[in-house]
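Summary of structural features
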There are 2 protein chains.
Amino acid sequence: MLATTPSPPYYAVIFASIKSDEQSGYEKMSEDMFQLVHHQEGFLGLDTSRSDVGITVSYWKDEKAIAAWREHVEHKIARQLGRDQWYSYFTVRIAKVERDYYFSKVSGEER
Amino acid sequence: MLATTPSPPYYAVIFASIKSDEQSGYEKMSEDMFQLVHHQEGFLGLDTSRSDVGITVSYWKDEKAIAAWREHVEHKIARQLGRDQWYSYFTVRIAKVERDYYFSKVSGEER
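Fair warning: this is a prediction, and the values are worked out from it, not measured in the lab.

How each quantity is defined
In this numbering scheme, every chain counts its residues from 1 along its sequence in written order. A letter from A marks each chain and a number from 1 marks each ligand, given out in the order of writing. For a predicted model such as this one, the threshold for reporting local features is a pLDDT of at least 70, and the threshold for listing and counting side-chain atom pairs is 80 or more; totals across whole chains, interfaces and linings nevertheless cover every residue. Values reported for side chains reflect all heavy atoms of the structure, with hydrogen atoms and water molecules removed beforehand. Strands here mean DSSP runs of E at least two residues long; helices mean DSSP runs of H or I at least four residues long; both are numbered from the N terminus. We call two residues contacting when some pair of their heavy atoms lies within 4.5 Å. Throughout, the Shrake-Rupley method with a 1.4 Å probe supplies accessible areas, and for residues the shown protein chains are the sole cover considered. Only four residue types enter the tally: Lys and Arg on the positive side, Asp and Glu on the negative side; His and the chain ends are excluded. For this purpose, a charge sits on NZ of Lys, CZ of Arg, CG of Asp or CD of Glu. Side-chain atoms within 4.5 Å link the members of a nonpolar core, which is a set of buried Ala, Val, Leu, Ile, Met, Phe, Trp, Tyr and Cys residues. For every residue, the accessible area obtained with a 1.4 Å probe (protein chains only) is divided by the maximum for its type, and the residue is called buried under 20%, exposed over 50%, and partly exposed between those limits. When the copies are superposed, the least-squares fit draws on C-alpha atoms of residues that have pLDDT of at least 70 in both. Strands are labelled as partners when DSSP assigns at least two bridges between them. Here the quantity called buried area is the accessible surface, traced with a 1.4 Å probe, that two parts lose on coming together, added over both. Within this document, salt bridges are pairs made up of a side-chain nitrogen of Lys or Arg and a carboxyl oxygen of Asp or Glu, the two lying within 4 Å of each other. Think of it as three bins: nonpolar holds Ala, Val, Leu, Ile, Met, Phe, Trp, Tyr, Cys and Pro, charged holds Asp, Glu, Lys and Arg, and polar takes everything else, Gly as well. Pairing of N or O atoms within 3.5 Å defines a polar contact, subject to two protein rules: one partner must be a possible hydrogen donor and the other a possible acceptor, and residues neighboring in sequence count only if both atoms are side-chain atoms. pLDDT expresses, on a scale from 0 to 100, how confident the predictor is about each individual residue.

Moving on to the overall build of chain A. In terms of helices and strands, chain A carries three helices and five strands. Traced from its N-terminal end to its C-terminal end, chain A shows the element sequence β-α-β-β-α-α-β-β. The contacts of chain A with a sequence gap of at least 6 include a subset with a gap of at least 24, amounting to 72%. As displayed, chain A has an accessible area near 5900 Å², and 53% of this comes from carbon and sulfur atoms. Computing the positive centroid from 14 side-chain charges and the negative centroid from 17, chain A places the two 4 Å apart.

Here it is in C-alpha cells:
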C-alpha cells in the first residue's frame, strides 16, 4: 500500500540509489531502519520501490523531524555502511510538499 | 543512472502507484511519455523504479513547467488511461526541493 499523509505542507526526503556489488548485511539493516523510522517523532510514512534504481521517499512533519532522524545514532551507522559498502551512487533531496492528490480505483475517490 | 539536477530550488513531482490487472498498452505509452517528457520546457530529469510499488520522481524548473506538462494533450490522454485501466491506486505530490546532495563511490565525490 502507499503512504497516506496529512494535508500539506509537510516534507519529503527523496532518496534514489544504485547499489554496489557488496550487499552483505544490507537486508537486515534495511529492515531494522524500516522498523526504527516508524517510531521517529514527526515521521508520516514512506513509499519505497526497487528495480535497477531504488527510490525511497519518506514523509515528515517538518525539518526538525528530518534533522532528528539524520542525527539518530543507528541511522548514522547505517548511512556510513551505505557509503562504505552498499551503494555505488545515491542522491538525497529534501523537499517541501505543497500539494498532493490521491486516486483509488476501488473507491473512485480522488482528492 | 540517476538524474542530476541544477542547484536548488527546483520542483519535484513524486508519483507513486500500484498497478491494476489491466496492463494492455501500458509499456508502449510509458515509453512514449518517457520520450515526450524529455522535450518539455523546464524538465530537469527523472528517477524511476518499479517493484510492487512504482515510484517516478520528475524534476522541474518551476511550477509553470509542471502545469504545462499537466496540460499536454498526449499526457492528458495517458493520465486518463492510467485512471481507467492501468492503476488501481496512485498518489501525486508536488514539492519544492530546498536542498540536495549526491554521493558517488567511484569518484568519492559528495556535494
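Here the focus is the nonpolar core. Core analysis: the biggest nonpolar cluster contains 30 residues, and V57 of chain A together with V57 of chain B have the highest contact counts within it. Of all the secondary structure elements, the ones that give two or more residues to this core are strand 1 (10–19), strand 3 (54–60) and strand 4 (87–104) of chain A together with strand 1 (10–19), strand 3 (54–60) and strand 4 (87–104) of chain B. L36, L46, W69 and Y87 of chain A belong to the second-largest nonpolar core, a separate cluster that totals 21 residues.

Moving on to the relation of the copies chain A and chain B. The transform that puts chain A on chain B rotates by 180 degrees and translates by 0.0 Å along the axis, for an RMSD of 0.0 Å. Here the copies are linked by what is in effect a two-fold axis. Mapped onto chain B, 100% of the interface residues of chain A are again interface residues, and the two copies thus contact each other with one and the same surface.

Below, the discussion takes up the pairing of strand 4 of chain A. The element strand 4 of chain A is extensively covered by neighbouring structure, given that 13 of its 18 residues are classed as buried. Bridge analysis of strand 1 of chain A against strand 4 of chain A gives 10 bridges, and the strand direction is antiparallel. Among the inter-strand pairings, Y10 of chain A is bridged to a residue of strand 4 of chain A, identified as V97 of chain A. Note: strand 4 of chain A against strand 4 of chain B, 15 bridges, orientation antiparallel. Looking at the pairing, F90 of chain A lines up with F103 of chain B of strand 4 of chain B.

Let's shift gears to unusual backbone geometry. Omega for the peptide link from P8 of chain A to P9 of chain A comes to 5 degrees, which places this bond in the cis form. Mapped onto the secondary structure, P9 of chain A falls in the segment before strand 1.

So, about the interface of chain A and chain B. Taken together, the contact between chain A and chain B spans 51 residues of the former and 51 residues of the latter. Summed over both partners, the interface of chain A with chain B buries about 4400 Å², with 56% contributed by carbon and sulfur atoms. Remark: the boundary between chain A and chain B carries four salt bridges. The partner of D47 of chain B in a salt bridge is R93 of chain A, and the shortest N-O contact between them spans 3.7 Å. The set of elements that each furnish at least two residues to the side of chain A that touches chain B consists of strand 1, strand 2 (43–50), strand 3, helix 2 (63–71), helix 3 (73–86) and strand 4 of chain A. With 18 residues, the single largest contributor to the side of chain A that touches chain B is strand 4 of chain A. Considering only residue class, the side of chain A that touches chain B consists of 25 nonpolar, 13 polar and 13 charged.

A few words now on the side chain of D47 of chain A. With respect to the helices and strands, D47 of chain A occurs in strand 2. Of the residues examined, D47 of chain A reaches a relative accessible area of 2% and is grouped as buried. Looking at D47 of chain A, its side chain comes within polar contact range of the side chain of Y59 of chain A, at 2.8 Å. Setting aside residues no more than four positions away along its own chain, D47 of chain A makes contact with M1, L2, A3, I55, T56, V57 and Y59 of chain A together with A16, I55, T91 and R93 of chain B.

Here chain A averages 95 in pLDDT, and 96% of its residues register 70 or above. Among the prediction metrics, the complex's ipTM stands at 0.95, with pTM recorded as 0.95.

Residues and elements named next belong to chain A. The final tally for this structure, using the stated rule, is eight salt bridges over all chains. Here D32 makes a salt bridge to K28, at a shortest N to O gap of 2.8 Å. Of this pair, D32 and K28 both sit in helix 1 (residues 26–37), four residues apart, which is roughly one turn of that helix.

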